[in-house]
Every structure is written in C-alpha cells, then in structure tokens.
Amino acid sequence: MTVTSARTPRRPLRGVRAGALGRRAAGAVLLAAVALLSSAGPTWAHVVPSTVLQLDVHSDRVDGDLLVPATDLAAASGLSLVGADGASLPVDADTAGAVVDYLTDHVAVTSDAGDWDVQVTDVAVTTTEQYGTGSFPAVTADVVLTPPAGADVHRFELDYDAVVHQVITADVYVVLRSDDTGAVPAGNLPATLGAVAVDTVTGAIPALQVDLTGNTASGTQAGFRGMVALGVSHIAEGTDHQLFLLTLLLPAPLLAAAARWQGTVPVRLAIRRITGTTLAFTLGHSVTLVLGALGLPVPGRAVEAAIAVSILVAAAHAGRPLFPGREPLVAGLFGLVHGLAFSGTLAELDLSGGELARSLLGFNVGIELVQLAVVVLVLPPLVVLARTPVYRRLRVAGAVLTGVAATGWLLDRLGVDTPLAAAADGLGPASPWLPGLLWVAAVVVVARGRTGAGSSPAATGQDVPLVGSAR
Amino acid sequence: MNSRVSTTSIAASAAVLLSLGLVGCRSDDSSDSSSSSSASASSSGSSTSTPGSGDVVALAEAFVATLDEDQAEALQQDYTFENATNWSNFPNALLTGDFGFPGGGAPSGGPPSGGPPTGGGAGSTGSTGRVGLQTDSLTDQQWSALEDLLAGVTGSAANEGFDEILQHLAADDYLTDNGGGDDYGRGDYFIAFLGEPSDSGTWELQFGGHHLAVANTYVDGALAGATPSFRGIEPFETVEQDGETVQPEQQEQAAFAALLASLSEEQLSTARLSETYGDILLGPGNDWAFPETSEGLVGSELDDEQKALLLAAIATYVGDVDDANAESILAGYESELDDTYVAFSGNSSISEVGDYIRIDGPSVWIEFSLQNGIVLEGAHPHAVWRDKQSDYAGLTS
C-alpha cells in the first residue's frame, strides 16, 4: 500500500472546504439512511453513528468517500480528534497524516489479480447527522483503490477493519454511489454493497466480498424474466380477464343473421376475427396498463365491477349477436378497463424510469404469452366443433354459465355476497385438463365424421358452411 | 335461447367454461390482500382454557374482553420467529421512518421517507415497526386491564418488574415534555399476543416500545422464556413526572458498580476488556449470536461476598419477571455462578458514556452499556438480558 499524506497542510480544513464538505456530508447522511433502511434485517439497533464508505467505480480504479464518526476513530486510533465537549477538534497536518496512516493500515483490497493499491487523502473534519443519531462530529477522507494494471474493477474483497477492530459495536456501511463502467444500471444506484461488523459469535471481522458483475446485463435480463413471470402468473392464476376474451371469441366461427348466430364462416375469416379481437383487447389493456402504472388513479372496486359487466356483455353476445362484426371495438374498449386492473399489480412495485419501462414490457409480454397460448389451445377444437350440431348447445350453455359466473362476480364486487363468485373462482384449479377434453371431443367428432359420413366438409375442415346448418 | 338443454351439452359447456377458467384471472387477488396476521383474531374471551399458573391466560382474556373488535384484531398476532424478534430499543416512529428529529429538525437531505429505495440490494425490506395494539388507542378501563395483565407477569419489588415498567412509561412521557415530542410517550408502546393465550400450546406476551421489550413465552401454561428482555432508559437521572418519581435502571447501575468495586486490582484487570463498546453487543436483531468464547473474570475466582454481588446484579434483571418464576430462574443462574464471567470496558464505576459491563454464563447473558443521550444531555443506558437456552423459549427460526 502507498501512504500519501494529507494535501492541505497547516490550514484549518473546516473553513476552507466547508462547501464541499457540506455537500459531502448531506450525501453521506442520505446514503447512510439509505444503507440503514435498505440493509436486510433489523440494523436499527444503533442510534449510534456508523461509518459510511461510498464507492464510485471507474474503468481503472474505485474511488471511495469515507465518513467515520470522530469519537469512534479517536477511540480506535488513539488520536485526539474530539474535545472534552464532544465536538470535533481541528485537524492539523500531523494529525491528518496520522489518520491517513491509520486508515491505510486498516483498509486492504485484493482480487484474483492480487493486492490493490490503497491511497487515502484529503482528511477533514465535519459535523453531520445520520438517521436517528442526532448531530455528531465525523472525519472524512478520500480513498482511491487501484487494482493491478488491467485487472477487473468489478470483483474484489474489501478487508476493512478501521474502527471496528477496537469499537466492537461499530459498523461500516459500504454503498455503491456511481459506476462509470455501466456494469450497474444507474437506476439501481445507490446500492448497498453490504456492511462490515464484528461477527459476535467468532469475534472475527469478515471481509466484504464485492461482485458487481452480477448486476450487469444478465441481472437486468433476470429482472425482465421476473416481470414476464409476474405477468404470466397474474393472468394464469384466476378466472376473469381471459374469460371475457374467450367468451367474446365463442361466436367467432359463426355467422350472424337475423339477430341470431347462423351457420359458420370460413376458417380463414374466423381466424382473422379471432386475431383482430385479441389484438384489440391487447391494445386496449396495454394503454391503461401504462397509464395506471404511471400513476393514473385506479378506482379498484369500480374497475373490478366493470370487468364483471364486460363478461356479462360478452356472454350475452355469445347467446345472441349484439354487436356482430364489432367485436374488436368492444374488446378494445373493455380492454381499457381490464388494463386498469393489471396496472394495480405494477403500481404496487413503485417503479420508475427505465426500470418501469422494462417492467411494463415484461409484464405485458407475460400476459400476451398466456393469452396466445390459450387462444392456440382452445380455438382449434372450437372451430372444428362449430361445424357440428353439438356447438350450438355448447355455445349457449357456455354463455349461460359465463353469464351466471359474471353475475356472481358483479354482485360480489358491488358488495352482495353470493355463493356464485366463490364457485366461479373455484373452477380455476380444476381446469388444466379440460382443454384436453375439448380436443378429445373435436377428435371424436372428426373421426365419427370420417367413419360415418365419409368425407363431409365438417370432417375435412373445408371452408364451406354445412348445408342447411341453421344452428 | 333454447330451453331444452340436454345434460350432455351442460357437461360439454361446463368443460368449455372450465377450460376458459384455466387462464382466467382471479381478480380478487388485487382487491383484497388483507394481512394474514389477523387470521386468528377475535378470540374475545371465548376460549375454554382454564386459568393456569399465575392466571396469566385469565388476565390476558380479561384484557381482550375490554377491547373492541379492531383492537382485539391488532392485539392478536401470529406466533412466528419474525414477530417474536421484531422488538427494538428505538421509538416506533424511528422504525417506520416517520421520526421527527428532536431539537434541530431533520438532517439536510432528510431521511428517505417511505419504504426502502429500489435497487437497494437484495432482499431489502424496511421495517414496518412493532406489531400489536398500540397503547394510544386504550381507554382508561383498557389501560387498567393492561396494567393488571402486566402486573401479573412481572415482579413486585420496588423499582423492578411492574414498578419499573410504570416508571419507564412515565420516563417516556418526560421525554415528550422535554424536547422529545410526540414520537415519545406512553401512547407509543405496543402490546401483542403472539399466538392465542392458552394453557396448552405456545404463545408469547410481547410488550414494548422505546427502550423496553418484554418477551414472556408460555408453553402449556408455564413460563418457558422470559427473554430477550431489553431495558434502557432516558432520563437516567431521577426526575419527577406527573407527581411520580422516575428512576428506573438506577438499581441496575448501582449493582454493577458495587460488583466491580468489590474486585481486587488483579481481578479488575482480568475482567477488563481491551475493546471499546458503543452499545450492547446482542441488541435487537442479533439473536442467537452469543460469543463462542466467554471473556473476563470467571465466577470461580470470586469469593462468597463477590458472588453475592454478582447474583444481586443478575437479580435486577431476573426480578423483572413474576416473583415465583424469578426465584426459580435465579436459582438456576446461581448454580452456574462458578462458570459465569464478568467483563467490563471503560470505567469500573459504570457511570460514564462508553462504560460497559457484561455477565456471561452458561445460560445467563446480561449487557449494560452507557451511551450519549438522544433527547437529553448526559449518559443513558441500554441493557439486555438474554438466556442462551431459553431466549424466545428456544425458538430459533
């Protein structure tokens, strides 16, 4: 280690660098509070001031801003830093040099590349305050940690025991303040890297392992994957957003005529309708998801009730065509309502900036993935079954049951307790094997068509409506 | 619609509905996420348990009976390690981030309000403060029932146990009146039942606030753990508050000073620790972290008079629990005195900021540390009594 003496000899440091110190102290207070609040576990035992080391990572070195409670430093170093009245004493050049020597002896950094160079400069005194401590005198210093030439600055072991070797109840919070290398996204700063304290069981002072490589792109990707997963789970765990969409899609393969669902439309048109309706729903809920996550107030109860209404409308439409051909418009409008409900989940995370944008995208991707999976899974058998006499009953019964469930939810969300809502919610867990039943039914229908009536249009899936199919 | 819906088509349509349900979203997960901690609430006096030793359960139920539904719900919490270890020496406002800084306002920049910042490291969780029913909601009648309960579980000697708690509450009122403001005072304490009071099974009576933590764990009607027991105090000097003389923790300080004063120079030098102590070692959050190696002067090196002084110092903490239990706990510690260490740092008078003393036995662990005043000038103590076997009645996770 290289020892560098203080740069400001024979001058009362306090007055000269008051401005810089003031700013530094304010930052230290804030960050100390950050460190105290954000470290896991109850560290709030200490109304006693803590040492704070704030690190700035550069491509070739790590700079540190150190703030040490003066009373602790005096106790540990034996230097006269605090007067009898508890206030800090001015630091002359000799004392500053002694502080530099002491700190340099008690800070060591190593990595795979070997020992780092540690320089301590600019020792000064200040008066500051940390969360809950009241005002206290502190010593500040600049630290420069330089790895062997060409070595990575992102992984190192900080062996720091200044103060702690003597003041056994003291602790040192190490905070990452900035990162020029971009390894840690600015949105994640400042970040607590950890704390140095005596292990009361062994009496040892474990070195702090710093590894910033885990916070690089892969970490961001993990965060994105997490948001995708959140979107998936949000939509996959219950029973109502997709029920709306799928009920709306139920008559998609059918032709509306004379205020009834009559016959079927060509498969290609059915697919185009399904795609259009699904896209409109996606567009609608994406818009309000963004607005809600950005802070648009969401009247939770009203939104939930409106969602129940939307399912009721979709169920009615599945029974009799109310708005044939305008399914995308309806899906888009009600999509706005459903998006507000999604946004509640994100708003709880209290995100901002780039993190919010990434999270929104990830969350939405998760929702769309599930939506897509469901459409792909359930629609083919429905299209096949639509060409059979079974479909009419299936559609009507589906509409009725959905309508009943939606009514239950609506009453529940308006404060009227009925067993319907709980029963509808309860369907979720039992359902994973039921799309399989639909597929089986469709296959049976196709097979029966083959063996029975030969190659009927229904069985071969031709884009031709069944003759006389007034279903 | 066709009214002739066959059973087969109902079955088929049910299949459709259920398959739709596969991907639906139970939107009630966003509409109601009430805390799980209220799961076993509203036990208001309906328990069939019979009052056991010390009638603690009966007193607990009598207190519950005075509460309204919301209060009873706040009081009743889950018996978990997380709840049991959620005690602190801090005033509650300091834990929740609402602390108004006494005498001089907040530091420049101010504390970040609300929860922890994003990106603040893995698993960052801010504290939400103590659990349980806050005492500011109590009526006189409810306070009276609470005091009956506390009196039933604490010692009866002057300046110890129940009397100490009453003085403690008055001391915090003194802080309110002398610069501490609304973050202090007897309304900022919390009573919680972790688990339902019963003479079968396990529950903990938790009472605490600034500088105070009572943690009595009962297993099948018997006291199975009386620690961690935190006692600190500010003001440390004798004051008058609402006509009451307030001087808790002074007996403790006097007992430690008397013990160290009885030691020879040689014994003192063996007992002296080379390190500096700014606070106690095993405060809140530092659970089951007893040092592997005991330091200082071992009890077998003490003469009978010195041993009596050591036991007397221990008794100032053990005496905070009800007299019958205190007697048996103290007898256990007495039997281990030869293997119990005394260590101190700073002045042997244990009177100045930085002075520290520890009693470290096979079971007993007591620390007493003097530090700077927060609201008032002068030194004030933090102290903890823990038990290496029966902290939290042995609950470790």
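None of the values given here were measured: they were computed from a predicted structure.

Quick notes on the rules
- Residues numbered from 1 in each chain as written.
- Chains lettered and ligands numbered in written order.
- Predicted model: local features only at pLDDT ≥ 70, side-chain atom pairs only at ≥ 80, totals over all residues.
- Heavy atoms only, no water.
- Helix = DSSP H or I, 4+ residues; strand = E, 2+ residues; numbered from the N terminus.
- Buried < 20%, exposed > 50% of the residue type's maximum accessible area, 1.4 Å probe, protein only.
- Contact = heavy atoms within 4.5 Å.
- Areas by Shrake-Rupley, 256 points an atom, 1.4 Å probe, with all protein chains shown as cover.
- Patch = residues over 30% accessible without salt bridge, like charges linked within 9 Å, V, L, I, M, F, W, Y side chains within 5 Å.
- Salt bridge = Lys/Arg side-chain N within 4 Å of Asp/Glu carboxyl O.
- Lys, Arg positive; Asp, Glu negative; His and termini not counted.
- Charge placed at Lys NZ, Arg CZ, Asp CG, Glu CD.
- Core = buried A, V, L, I, M, F, W, Y, C linked by side-chain atoms within 4.5 Å.
- pLDDT = per-residue confidence, 0-100.
- Pairing = 2+ DSSP bridges.
- UniProt positions renumbered as here; feature names shortened; annotations may be inferred.
- 1 Å grid on protein atoms, 1.4 Å probe; cavity = no way out; pocket = protein on both sides within 12 Å on 5 of 7 lines; lining within 4 Å.
- Points joined across faces, edges and corners; volume = space filled by probe spheres on them.

## Some thoughts on the overall build of chain B
Per the secondary structure count, chain B includes 12 helices and 14 strands. Sorting the 397 residues of chain B into buried and exposed places 53% on the buried side. Across chain B, contacts joining residues at least 24 apart in sequence account for 66% of those joining residues at least 6 apart. As displayed, chain B has an accessible area near 15,000 Å², and 47% of this comes from carbon and sulfur atoms.

## So, a negative patch on the surface
Residue and element names in this part refer to chain B. A cluster of like negative charges, contributed by Asp-68, Glu-69, Asp-70 and Glu-73, occupies part of the molecular surface. You can see Asp-68 is positioned in the loop between helix H3 (56-65) and helix H4 (69-75). Given the relative accessible area of 42%, Asp-68 is considered partly exposed.

## Looking at the pattern of salt bridges
Residues and elements named next belong to chain B. Summed over the entire model, instances satisfying the criterion amount to 14 salt bridges over all chains. Glu-164 is paired through a salt bridge with Arg-231; the nearest N and O atoms lie 2.9 Å apart. With Glu-164 in helix H8 (residues 161-180) and Arg-231 in strand S7 (residues 229-232), this residue pair connects regions lying 67 residues apart in the sequence. For Glu-164, a relative accessible area of 1% translates into the label buried.

## Topic: the nonpolar core
One broad trend across soluble globular proteins is that nonpolar side chains are buried collectively. Among the nonpolar cores identified, the biggest contains 71 residues, and B:Phe63, B:Phe193 and B:Phe207 are the most heavily contacted of them. In terms of residues, this core owes the most to one element, H8(B), which gives seven residues. With sequence-adjacent residues up to four places away left out, B:Phe193 is seen in contact with B:Ala60, B:Phe63, B:Val64, B:Leu75, B:Gln76, B:Gln77, B:Leu149, B:Trp203, B:Glu204 and B:Leu205. Within the second largest apolar cluster, 70 residues are counted, among which are A:Val139, A:Val174, A:Val198 and B:Val384.

## Structural notes on the confidence of the model for chain B
Residue and element names in this part refer to chain B. The pLDDT averaged across chain B works out to 82; a share of 79% of its residues lies at or above 70. Predicted confidence is poor over residues 1-53, with pLDDT under 50, and the contacts of this stretch with residues over four places away or in other chains come to 102 contacts. The model gives residues 101-126 a pLDDT under 50, and that stretch makes 49 contacts with residues more than four places away or in other chains.

## Examining the pairing of strand S3 (residues 190-194) of chain B
Residues and elements named next belong to chain B. A large share of S3 lies buried, amounting to five of its five residues. Alternating residues of S3 divide into Phe-190, Ala-192 and Leu-194 and Ile-191 and Phe-193, and every residue in both groups is buried. One ladder, built from two bridges, connects strand S1 (residues 76-77) with S3; its direction is parallel. For Gln-77, the partnering residue across the bridge sits in S3 and is Leu-194. In this sheet, S3 lies alongside strand S2 (residues 133-134) in antiparallel orientation, the contact comprising two bridges.

## Re the UniProt feature "transmembrane region" (unreviewed entry) in chain A
Residue and element names in this part refer to chain A. Mapped onto the present numbering, the UniProt feature "transmembrane region" (unreviewed entry) falls at residues 369-387, 394-411 and 431-447. Helix makes up 89% of residues 369-387 and strand 0%. Its end C-alpha atoms lie 28 Å apart. The distance separating the terminal C-alpha atoms of residues 394-411 is 25 Å; by composition the span is 100% helix and 0% strand.

## Overview of unusual backbone geometry
Trans peptide bonds make up the majority, and among non-glycine residues the majority have a negative phi. Residue and element names in this part refer to chain B. Between Thr-227 and the following residue, Pro-228, the backbone shows a cis peptide bond with an omega angle of 5°. A positive phi is found at His-211, a non-glycine position, where the angle reads about 65°. Topologically, His-211 is positioned in the loop between strand S4 (202-209) and strand S5 (212-219). Judged by relative accessible area, His-211 falls into the buried class, the value being 3%. With a phi close to 50°, Tyr-392 is a non-glycine residue in the positive phi region.

## Quick word on empty space enclosed by the protein
A water-sized probe rolled over the atoms picks out the places where empty space is left. All names here are of chain B. Taken as a whole and assessed by the stated rule, the structure comprises 10 cavities of 30 Å³ or more. Approximately 90 Å³ is the volume found for the second largest cavity. Lining the second largest cavity are 18 residues, with Asn-86, Trp-87, Gln-206, Phe-207 and Gly-208 positioned closest to its centre. Within the residue set of the lining of the second largest cavity, elements represented by two or more residues are S3, S4 and S5.

## Quick look at the sheet that holds strand S7 (residues 155-160) of chain A
Residue and element names in this part refer to chain A. Taken together, the four strands give an open sheet; going across it, the order is S4-S3-S7-S10, and neighbouring strands pair in antiparallel fashion. Where the open sheet ends on each side, the last strands, each with one partner, are strand S4 (114-115) and strand S10 (208-211). The sheet contact formed by strand S3 (residues 107-111) and S4 spans two bridges and is antiparallel. Directly across from Thr-110, in S4, lies its bridge partner Asp-115.

## A short note on the environment of B:Val342
Residues and elements named next belong to chain B. As for its position among the elements, Val-342 is in strand S11 (residues 341-345). Residue classification places Val-342 among the buried positions, given a relative accessible area of 2%. Remark: the alpha-carbon pair of Val-342 and Leu-273, spanning 69 residues in sequence, is separated by 10.0 Å. Residues in contact with Val-342, not counting those within four places in the same chain, are Leu-259, Leu-260, Ala-271, Glu-295, Gly-296, Leu-297, Leu-310, Ile-357 and Arg-358.

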